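# Examination of the molecular architecture
Listed below, chain by chain, are the residues.
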Amino acid sequence: MAKHSEKKNDQEKFKTLIGGQALIEGILMRGPEKQAIVVRSPEGLVKKIDDLRLTKKRAKILSWPLIRGVVTFGASMVNGVKALLFSAEYFPEEEENAEPGKLEKWIEKKFGSEKLEQFIIYSAVVLGIAFSVGLFFLLPTFLSGLIPGLRENYLARNLTEGALKIVLFLGYMILVSQTKDMKRVFAYHGAEHKSIRCYEARLPLTVDNVRPMSRFHPRCGTSFLLVVVCISILCGAVIRVSNTLARMGLHLLMLPVIVAVSYELNRFLGRHDNAFTRIIMAPGLWMQRFTTQEPDDSMMEVAIEALTAVLPEEEGADQW
């Protein structure tokens, strides 16, 4: 499989900044000017295409290095949840007639359905971030504080925290990848990668051309999450505080810096292709063996539709 991936990478003619996200039976694709959601509903393909409100046009400071990483991460979380909710509308759960909760009724009555939707979206984002931070950042710090003899041994404690972060992150991703529903989502993830690989190889976007492409992509958002975990381990090495609660608080304060540095590192790695960058990106590519699956032709059709919808009118405008 590694040789197959290298062979496909050799076909890369340029690097595009277009990226996507797998949804429920669909794909979100984001280009330099547009964002497209394509879902294969029971009635056929459903498309939703929106023009992007670029951050750098709203306020120049938001596009500055280090600041742009945090802004981009937050915007990606919000857009991702919106897209997931959109795709979920076409696959309602069995309890579709269930009564909404009292809080939902109150918000809809006082502020309207639009505010209710915003409440659901931002609540999901906050809960998602809280879960990730709690599981992958705070829990390792808490657990290491329970081990006798580590409280004052900062080197051993940082190494233990780092090992726990890696184990928890990889373990969670591997376990999730084994569930039936997520296997289909990750297959769409593979379709997204394959279509972008085909586009970067300057080949016509057809199922026959997309099918042989590698499902592993060096500029994947999942790889970015692994970079965040690794950068947090390096940043944690400077914390020389023995109190567990204080350490957890410092980890929280450092999160914006960790995200910002990880974003800039990811941009640097994406622009360069040499022995050093390949070594740094190798763990992320390995992890994609779990976070992507081989898609079927119908999934590749969805990916092609989404990618085609966000291609820029001016050739090269999406250069990484």
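The following paragraphs examine the structure supplied in this document. Counting starts from 1 at the beginning of each chain's written sequence and moves along it residue by residue. The model is predicted, so local features are restricted to residues of pLDDT at least 70 and side-chain atom pairs to those at 80 or more, both for listing and for counting; the totals for chains, interfaces and linings are taken over all residues. Side-chain calculation: all heavy atoms of the structure are included, whereas hydrogens and water are not.

### Overview of helix 9 (residues 221–236)
Between the first and last C-alpha of helix 9 there are 23 Å, a value that for 16 residues agrees with the 22 Å anticipated at 1.5 Å per step. The complete set of buried residues in helix 9 reads Thr222, Ser223, Phe224, Leu226, Val227, Val228, Val229, Ile231, Ser232, Cys235 and Gly236. Labels follow the DSSP assignment, with helices taken as runs of H or I lasting at least four residues and strands as runs of E lasting at least two, numbered in each case from the N terminus. Expected helix span is computed as 1.5 Å times (number of residues minus one). Relative accessibility under 20% of the residue-type maximum defines a buried residue, over 50% an exposed one, and the middle range a partly exposed one, all with a 1.4 Å probe and only protein chains included.

### Notes on the nonpolar core
Definition used in this section: a nonpolar core is a set of buried Ala, Val, Leu, Ile, Met, Phe, Trp, Tyr and Cys residues joined via side-chain atoms within 4.5 Å. Counting residues in each nonpolar core, the largest one holds 27 residues, and the members touching the most others are Ile18, Ile27, Met29, Tyr188, Ala191, Leu307 and Val310. Breaking this core down by element, the ones donating at least two residues are strand 2 (26–30), strand 3 (34–41), helix 7 (180–200), helix 8 (207–210) and helix 12 (297–310). Broken down by element, this core gets its largest block of residues, 9 residues, from helix 12. The contact criterion used throughout is that any non-hydrogen atoms of two residues lie within 4.5 Å. When neighbours within four sequence positions are excluded, Tyr188 is seen to be in contact with Ala22, Glu25, Gly26, Ile27, Arg40, Met299 and Val302. Counting residues in hydrophobic clusters, the runner-up holds 21 residues, among them Phe136, Phe137, Val229 and Ile231.

### Details of the pairing of strand 3
Of all 8 residues that make up strand 3, 6 are buried, and the element is covered over most of its length. The hairpin turn running from strand 2 into strand 3, its antiparallel successor, is 3 residues long. Paired strands, as defined in this entry, are two strands with at least two bridges between them according to DSSP. Here strand 3 pairs with strand 4 (residues 44–51) via 8 bridges, running antiparallel. Residue pairing across strands places Val38 opposite Lys47, the latter belonging to strand 4. In sequence, strand 3 turns back onto strand 4 through a hairpin of 2 residues.

### A closer look at the pattern of salt bridges
Between Lys or Arg on one side and Asp or Glu on the other, a salt bridge is scored when a side-chain nitrogen of the former is within 4 Å of a carboxyl oxygen of the latter. Within the structure shown, the criterion is met by 14 salt bridges. Ionic pairing is found between Glu315 and Arg202, a salt bridge with its closest N-O pair at 3.8 Å. Taken together, the residues span a long stretch of sequence, with Glu315 in the segment after helix 12 and Arg202 in the loop between helix 7 and helix 8 at a distance of 113 residues. Close ionic contact of Asp273 with Arg278 constitutes a salt bridge, the shortest N to O distance being 2.9 Å. Taking relative accessible area as the criterion, Asp273 reaches 42% and is therefore assigned partly exposed. The class of Arg278 is partly exposed, set by a relative accessible area of 45%. Salt bridges sharing partners connect three or more residues here, namely Arg157, Glu161 and Arg247.

### Quick notes on the environment of Glu25
Locating Glu25 in the fold gives a position in the loop between strand 1 (19–23) and strand 2. On the basis of relative accessible area, Glu25 is assigned to the buried category, the value being 17%. A C-alpha to C-alpha distance of 8.8 Å links Glu25 and Val302, two positions 277 residues apart in sequence. Once residues within four sequence positions are removed from consideration, Glu25 is found in contact with Val38, Val39, Arg40, Phe91, Arg184 and Tyr188. Engagement of the side chain of Glu25 in a polar contact is seen with the side chain of Tyr188, the distance being 2.9 Å. What qualifies as a polar contact is a pair of N or O atoms within 3.5 Å, subject to a donor-acceptor requirement within protein and to the restriction that residues adjacent in sequence count only when both atoms come from side chains.

### Details of a negative patch on the surface
Any residue with relative accessible area above 30% and no salt bridge may belong to a patch, with like charges joined within 9 Å and the nonpolar Val, Leu, Ile, Met, Phe, Trp and Tyr side chains within 5 Å. Residue-level accessible areas treat just the shown protein chains as cover; the underlying method is Shrake-Rupley with a 1.4 Å probe. Charge assignment in this entry is limited to Lys and Arg as positive and Asp and Glu as negative, and neither His nor the chain termini are counted. A single reference atom marks each charge: NZ on Lys, CZ on Arg, CG on Asp, CD on Glu. A surface patch of like charges, here negative, comprises Glu33, Asp51, Glu313 and Glu314. The topology assignment puts Asp51 in strand 4.

### Overview of empty space enclosed by the protein
A pocket here means an open set of points on a 1 Å grid, computed over the protein atoms alone, that has protein on both sides within 12 Å along at least five of seven lines. A cavity is instead a set of points where a 1.4 Å probe fits but cannot get out; residues with an atom within 4 Å of a point line either one. Grid points are joined across faces, edges and corners, and a volume is the space filled by probe spheres set on the points. All chains considered together, the criterion is met by 1 cavity of 30 Å³ or more. The computed volume of the largest cavity comes to approximately 40 Å³. Asn158, Glu161, Gly162, Lys165, Ser232, Ile233, Gly236 and His251 are the residues that line the largest cavity. Sorting the residues of the lining of the largest cavity by element identifies helix 6 (154–177) and helix 9 as the ones contributing at least two each. Take the lining of the largest cavity: its biggest share by element is 4 residues, from helix 6. For this scheme, ten residues count as nonpolar: Ala, Val, Leu, Ile, Met, Phe, Trp, Tyr, Cys and Pro. Four count as charged, namely Asp, Glu, Lys and Arg, and the remainder, Gly too, count as polar. Classifying every residue of the lining of the largest cavity gives 1 nonpolar, 5 polar and 2 charged.

### Section: the packing of helix 9 against helix 11 (residues 275–291)
Axis geometry follows a simple rule: fit a line to the C-alpha atoms, using only the stretch in contact for helices, then measure angles between N-to-C directions, giving values from 0 to 180 degrees. For the pair helix 9 and helix 11, the least separation of the axes is 9 Å and the interaxial angle reads 125°. Here helix 9 lies oblique to helix 11, going by the angle between them. Note that helix 9 runs across helix 11; the crossing there is right-handed. Residues Thr222, Ser223 and Leu226 of helix 9 form the contact with helix 11, whose own contacting residues are Pro283, Gly284, Leu285, Met287, Gln288 and Thr291. Of the residues contributing to the contact of helix 9 with helix 11, the split by class is 4 nonpolar, 5 polar and no charged. Roughly parallel here means an angle under 35 degrees, roughly antiparallel means over 145, roughly perpendicular means 65 to 115, and every remaining angle is called oblique. By the definition used in this description, the sense in which the near helix is turned from the far one sets the handedness, with an anticlockwise turn below a right angle giving left-handed and a clockwise turn giving right-handed.

### Some details on the environment of Leu245
Along the polypeptide, Leu245 turns up in helix 10 (residues 244–271). With a relative accessible area of 67%, Leu245 lands in the exposed category. Each C-alpha atom of the pair Leu245 and Phe142 lies 7.8 Å from the other, and the pair is 103 residues apart in sequence.

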